[in-house]
Structures are given as C-alpha cells and as structure tokens.
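# Report on the structure
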Amino acid sequence: MSAENTQGFIQTQIENKIAFLIFSHPASNSFPSDLLDKLTQELHSLSNNTEVNVIILQSEGKTFCAGASFDELLSISNLEEGKKFFSGFANVINAMRNCSKIILGKIQGKAVGGGVGLAAACDFAYAYQDASIKLSEIAIGIGPFVIEPAVSRKIGKNAMSLLALQPNHWQTADWAVEKGLYADVFDSYDELTEATLAMAKKLASYHPDALAEMKKVFWEGTENWDSLLYERAGISGTLVLSDFTKKALNDLKK
C-alpha cells in the first residue's frame, strides 16, 4: 500500500510478518504536514494489523530525514497554523509510542531536527556510518521542543543539551551509538541492510503478544506525552511567528 503525491510518499510493504514502512520526499526526506499525517495514519493501521509483528522504518536516498518542511515553516502565518504544523510531529511520535509493534529504525544517512526525533522514537535502531545527527532549531529562533522528550528518553538530558545548544555542529553516528540513540553502526549500507533484516526476522519469530507487552514496558512513564507534546507544539508554533525566526528562515532561503 502507498500514499503518493508530488511532495513525496509513504509506502508499506509486508513480507513474512515484517512491515517495511518507507518515507520519501525530494527535499532530503523532509516532512510537510500531509506526509506527517499519512505516516501517522499508516502507523495506526500497522498497529492493528495481525499480519505484522515488527516494523522497519526507513527512508530513500542518502539522507534519513531533514526534519520539518522548510517551505511550510516559511508559510506559517498564525498561531493556529504553527501549532497544527508542529503537532504533526507530535502525532507521529505518539503513534510510534502507542504502536503495538516493535519499530526498528534503519538510519542510512544524516538526521536533522525532527529526523532525530523519529530515530529516537524507534524502539531499536541501526545506522550507517554517515548517519550523523544535528538539532538545528535554536539557530532559527525555535527549539526541538516536540521531539525533546523522545530524544532525552534515549540519550539523556545532558547529551540532549549538547545537541540542542550546538545547532550547527554534527555529532557522529559513533557518538549516537555511545549515547544510546543507535544500537550499532555499520561501515557499509549492505551491512546495515543485512543486520536490520536479521534483527527484524528474529523479532518476527517471537510471540507477538510478548512483544506488545514488552513494548508497553519500554514506554512506561510517557503517558503524559498525550498532552505534553501538544503543549510543546504550541511553544514552537508561537516562536515560529517571531521576527527573529522569520528573518532567519528568509536568510537561509536566500
């Protein structure tokens, strides 16, 4: 099944109890609102699909995910639009958190902003050596507010602060392994693919109810995210309207 348009696509392929959930967008796999909505809907669908035991989340191309759509950020003109846009990432992270299936991240390239949030919301992630990470939001006058709970849950508040306060600095995939974002990093794309598939096959062979109950245990203590992430979306939605952010975005566009 797939949902495609000129702004990218979400596609799912199911084989042997494994769902390959693929996203793509021509602008370095960034996410406009409609693509975030489609990803959320697909996660809900897979959560209820008895033919699926495990999900591999992956993207196409050299970049894993460049975060929020730059063009859509520029187009936000009021608080309602801003909160709605950033709520798109909140919806995806909550859908990943509440999904009954274990989600494996196959991180084949760089992740920025919301892309780091997606990697952090996976239950387990492998990465290619080029999968460095960066949180660039504060440089344009906003912050990684919506994704912060997911990232901090994986790497801790100290490492989160290192990322958030160095918006122009890339941390390596090895750093991300050390901090717990990735389980392992591989020197070739083929090795990454083989390792991810091997892990998925092992998980798919286990009792699906045991996996679902184990996932609940992993995410204990995050129940307040149903409200917290949307409160954070409101913060980002307010800040994106500031003169500082509008100027920063326009300067980047030029």
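See the structure shown above.
The sections below set out a description of the structure shown in this document. The structure displayed is predicted, hence computed values, not measured ones.

On to the pattern of salt bridges, then. Within the structure shown, the criterion is met by 8 salt bridges. D226 is paired through a salt bridge with R97; the nearest N and O atoms lie 2.7 Å apart. Of this pair, D226 sits in helix 10 (residues 225-239) while R97 sits in helix 3 (residues 79-98), and the two are 129 residues apart along the sequence. Residue D226 is classed as partly exposed on the basis of its relative accessible area, which comes to 46%. Taking the relative accessible area as the measure of exposure, R97 reaches 6% and is therefore buried. As a salt-bridge pair, D123 and K215 come within 2.9 Å of each other at their nearest N and O atoms. In this pair, D123 sits in the loop between helix 4 (114-121) and strand 7 (124-128) while K215 sits in helix 9 (residues 208-218), placing the two residues 92 residues apart along the sequence. Summarising the burial analysis for this pair, D123 and K215 share the class buried. Taken together, the shared-partner salt bridges in this structure form one network comprising E148, K157 and R232.

Before going further, it helps to spend a moment on unusual backbone geometry. With a phi angle near 55 degrees, N16 is a residue other than glycine that sits in the positive phi range. Assignment of secondary structure puts N16 in the loop between strand 2 (8-15) and strand 3 (18-24). We classify N16 as exposed; its relative accessible area is 70%. Backbone geometry places N29, a non-glycine residue, at a positive phi of 60 degrees. Take N29: it is sitting in the loop between strand 3 and helix 1 (33-47). Note on N29: relative accessible area 4%, which makes it buried.

Right, let's talk about helix 10 for a bit. Between the first and last C-alpha of helix 10 there are 21 Å, a value that for 15 residues agrees with the 21 Å anticipated at 1.5 Å per step. Along helix 10, the residues that are buried comprise W225, L228, L229, R232, A233, G234, S236 and G237. Those residues of helix 10 that are buried are in contact with helix 3 and helix 5 (148-155).

The next point concerns a nonpolar patch on the surface. A contiguous nonpolar surface patch, about 250 Å² in accessible area, is contributed by M214, V217 and F218. Of note, F218 is situated in helix 9.

Once that is clear, we can look at the packing of helix 3 against helix 10. Between helix 3 and helix 10, whose axes approach to 7 Å, the crossing angle comes to 150 degrees. The pairing of helix 3 with helix 10 is recorded here as roughly antiparallel in orientation. In this structure, the crossing between helix 3 and helix 10 has a hand that is right-handed. Facing L79, G82, K83, F86, S87, A90, N91, I93, N94, R97 and N98 of helix 3, the residues of helix 10 in contact are W225, D226, L229, Y230, A233, G234, S236, G237 and T238. Within the contact of helix 3 with helix 10, the residues separate by chemical class into 8 nonpolar, 9 polar and 3 charged.

The next thing to look at is the side chain of K134. Mapped onto the elements of the fold, K134 is located in strand 8 (residues 133-134). The side chain of K134 is buried and forms no salt bridge, while E137, the nearest opposite charge, is found at 9.4 Å. Apart from residues no more than four positions distant in its own chain, K134 is found in contact with A111, V112, G113, V116, P167, N168, H169 and W170.

Ranked by internal contacts, the top residues of the largest apolar core, which has 66 residues, are F31, M96, I133, L181 and Y182. A total of 8 residues in this core trace back to one element, the largest contributor, which is helix 3. The contact partners of Y182, leaving out residues within four places of it in the chain, are I107, A119, A125, A127, A131, I133, A173, A176 and V177. Core analysis: the second largest hydrophobic core is formed by 10 residues, F20, V54, I56 and L211 among them.

Turning our eyes to something else, we now look at the pairing of strand 4 (residues 54-59). Where burial is concerned, most of strand 4 is hidden: 6 out of the 6 residues are buried. On strand 4, burial covers both faces: V54, I56 and Q58 on one face and I55, L57 and S59 on the other are all buried. Relative to strand 4, strand 3 runs parallel, the two sharing 6 bridges. Within the sheet, the bridge partner assigned to I22 lies in strand 4 and is Q58.

Cut-offs applied
Residues numbered from 1 in each chain as written. Predicted model: local features only at pLDDT ≥ 70, side-chain atom pairs only at ≥ 80, totals over all residues. Heavy atoms only, no water. Salt bridge = Lys/Arg side-chain N within 4 Å of Asp/Glu carboxyl O. Helix = DSSP H or I, 4+ residues; strand = E, 2+ residues; numbered from the N terminus. Buried < 20%, exposed > 50% of the residue type's maximum accessible area, 1.4 Å probe, protein only. Expected span 1.5 Å × (residues − 1). Contact = heavy atoms within 4.5 Å. Patch = residues over 30% accessible without salt bridge, like charges linked within 9 Å, V, L, I, M, F, W, Y side chains within 5 Å. Areas by Shrake-Rupley, 256 points an atom, 1.4 Å probe, with all protein chains shown as cover. Axes fitted to C-alpha atoms, helices over the stretch in contact; angles between N-to-C directions. Parallel < 35°, antiparallel > 145°, perpendicular 65-115°, else oblique. Left-handed = near helix turned anticlockwise from the far one by under 90°. Nonpolar A, V, L, I, M, F, W, Y, C, P; charged D, E, K, R; others polar. Lys, Arg positive; Asp, Glu negative; His and termini not counted. Core = buried A, V, L, I, M, F, W, Y, C linked by side-chain atoms within 4.5 Å. Pairing = 2+ DSSP bridges.

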